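# Report on the structure
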Amino acid sequence: DPSARLLYVGDSKAHVVHVFDEQGGKQGSIGSLGAGPGEFNSPTHLALLRDGSLVVTDALNFRVQVFDAQGRYQYRLGELGDGAGNFSAPKGVAADRAGHIYAADAMFDAVQVFDDEGRLLLGFGEQGTQPGQFWLPNGLYVNGNDQLFVADAYNRRIQVFQLLTPTFEVPAGGPGRGDRP
């Protein structure tokens, strides 16, 4: 976290996220072994939201958890399942400037996108070798140019997707009278 000058490290074996300062001094840990809110069973990937909130894939609890900048549990994304919004093997996680959370599911070969309140917005991908298809996606990154990078492990490639953001403006009187946003 560049603004707080902290480094977060997921420790899958200890089932915690360690917090270090710039000099490498341990400042504390988040979580413990378990399946309750704020507990982990193999935290694997981390991302930060613009407000300093920490997003953690909780792989063996089949979910993604979100913590505020002070390390307090806020909410979870998904649970074990094969439906939209659920996970079987959450791996990579990333966040964009708008606060959207991207989570890769290695088992379902897909990426799901959630808003900053935990609502599922969309999912994309399927197993395969063509563009937009994955075979064990396990790492995600969003750069400053609104591009999503997906590490597509078994296809031995990185796929890059351009994120689209709305750029229209609603007229001062609001939509209507023939105006379309």
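Residues numbered from 1 in each chain as written. Predicted model: local features only at pLDDT ≥ 70, side-chain atom pairs only at ≥ 80, totals over all residues. Heavy atoms only, no water.

One finds Val55, Val64, Leu77 and Ile101 to be the most contacted residues of the largest nonpolar core, which totals 13 residues. Secondary-structure elements contributing two or more residues to this core are β6 (63–67), β7 (73–77), β8 (90–95) and β9 (101–105). Beyond its immediate stretch of four places on either side in the chain, Leu77 contacts Arg63, Val64, Phe87, Ile101, Phe114 and Gly118. Counting residues in hydrophobic clusters, the runner-up holds 11 residues, among them Ala94, Val111, Val113 and Val150. (Core = buried A, V, L, I, M, F, W, Y, C linked by side-chain atoms within 4.5 Å. Buried < 20%, exposed > 50% of the residue type's maximum accessible area, 1.4 Å probe, protein only. Helix = DSSP H or I, 4+ residues; strand = E, 2+ residues; numbered from the N terminus. Contact = heavy atoms within 4.5 Å.)

In this structure, Ser42 is a non-glycine residue whose phi angle is positive, near 75°. For Ser42, the position within the fold is in the loop between β3 (26–30) and β4 (43–48). Given a relative accessible area of 13%, Ser42 falls into the buried group. Despite not being glycine, Arg156 has its phi angle at roughly 50°, a positive value. Position of Arg156 relative to the elements: it lies in the loop between β13 (147–152) and β14 (157–162). Judged by its relative accessible area of 75%, Arg156 falls in the exposed class.

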